[in-house]
Amino acid sequence: MEYLKILKNNNVIYSGTRQHKFTQQSTADFSIRFVFSGNENYSIGRRNLSIYPDSFLILNKGTSFSSAVDCAQPVQSFSISFDEKFMDEFRNCRMMKDSKLLKSALGNKQEMEFSETIYPFTGDIFFNIRHLKNHLDSGVQDEALINQYLNHCLISYFKIYNEEICQKAERLNFLNRSTKIEILRRLNLAKEYLYTNYNRSISLDELADYSCLSVNHLLRTFKQAFRLTPHQFLVQLRLQRAQVLLRNTDYPVNEVVNLIGFECPSSFIRLFREHFQTTPLKYRQSA
Amino acid sequence: MDMTIKYIPVFTEDVEKQLGFFTDKLGLEVSGTKSVLFGQECTFIKTDNPDVFIALFKQQNNTKSAPIIISTDDCLNDYHSLKLAGVNFYNEPQYTPIGLGAEFLDPFGNRYLLIEERSYC
């Protein structure tokens, strides 16, 4: 099913399932991009990143990008573009109701501009988007209801922004706020590199190179911000994606091990059991 | 709209004494403590019906009548439908540690809490 819904207030929602697609465009408005199956690859400047069902990407107004889908399995893409006026009204309304959340996210910025990176698709934004998509898939036309969900998508995005950007920047041991923000921007490059290349071997040197940090600096600041080393972060991500494969496919465990970038099935099983207190096979049976 | 009563609220001035009544006298079992009703801590007690719990709250000075707690699978949708039907809500849906909730009144001032529990882990 594919649809492009343009609301009266110029918010735009796209949903579509494709195996192959290539688009090149500039975002007219602030947009949030998801996939519900498979993965979609984005190029923003020199950065290449992929979003999976456990993550989402935001793009600011005016960003040039290309996106590509090239997958053996159909990829369900879902995106929302928020009209500038809707964003302004949201900001003005929320500044009064929940000033702490918005002020910490926006500071004194007049423009709504956010870190263009990959965020975890968990918590309230996951539930709000899933409800919205279900309503749209079933043909709901009530724009007041749809806008209610869009409003709550922004509320829950701000919550994630606060956790992923503001709180992580605060954890960095630098006095200067602009230094904290710049280091976190580079750490987010490392994070999106891990999100995108999780299924292959990644050396610390290439990760440090991609994020424009020295290896030592990367290791120290990554741990401060994410409370995990890059290696621990990668293992956690791989295990999380193994869960998705075990739940949604019939691939044998050995193949899942290969697909998520582990080399040794026995270490995968041991780590899976340590993290989730169950074996991969038992997890699959109970899912 | 799929709304079911899931929690029966009980307010008490002495939570420990009230818990003792439920567990020692009535033989009920404590299910766990969670935060519900916009930050006010409560203790859940199991009943014979596995889908219905007693929610035990500490009586606050400003506590009005006990609300009827209704479980929903989509709070925003029900909030929107009920608003259209003319139901009077205290406030917009709010995020709580266990999910999204909104409180409304009937024409006689009885309180209802609509709650969509969300599994965040």
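Details of the structure are given in the entry above.
Residues numbered from 1 in each chain as written. Chains lettered and ligands numbered in written order. Predicted model: local features only at pLDDT ≥ 70, side-chain atom pairs only at ≥ 80, totals over all residues.

1. So, the overall build of chain A
Condition: A run of H or I in DSSP becomes a helix once it reaches four residues, and a run of E becomes a strand once it reaches two; helices and strands are each numbered from the N terminus. In this treatment the radius of gyration is a C-alpha quantity, and the globule benchmark scales as 2.2 Å times the residue count to the 0.38 power. Partly exposed residues are those whose C-beta has more than 12 but fewer than 20 other C-beta atoms within 10 Å; with 20 or more the residue is buried, with 12 or fewer it is exposed, and the C-beta atoms are placed from the backbone.
Helix and strand counts for chain A come out as 11 helices and eight strands. Against the 2.2 N^0.38 benchmark of 19 Å for 287 residues, chain A shows a C-alpha radius of gyration of 20 Å, consistent with a compact globule. Dimensions of chain A along its principal axes, counting C-alpha atoms only, are 55 × 50 × 35 Å. Buried positions account for 32% of the 287 residues belonging to chain A.

2. Observations concerning the interface of chain A and chain B
Worth spelling out the cut-off: A residue pair is marked as a contact if its C-beta atoms, positioned from the backbone, fall within 7 Å. Here the nonpolar group is Ala, Val, Leu, Ile, Met, Phe, Trp, Tyr, Cys and Pro; Asp, Glu, Lys and Arg are the charged ones; every other residue, Gly included, is treated as polar.
Residue-level contacts link nine residues of chain A with seven residues of chain B. Those elements that provide at least two residues to the side of chain A that touches chain B are α3 (124-137) and α4 (143-171) of chain A. Among the elements that line the side of chain A that touches chain B, the one with the most residues is α4(A), at five residues. Taken together, the residues of the side of chain A that touches chain B sort by class into four nonpolar, four polar and one charged.

3. A few points about unusual backbone geometry
All names here are of chain A. In this structure, N10 is a non-glycine residue whose phi angle is positive, near 70°. Relative to the assigned elements, N10 resides in the loop between β1 (3-6) and β2 (12-26). Classification of N10 by C-beta neighbours within 10 Å gives partly exposed; the count is 14.

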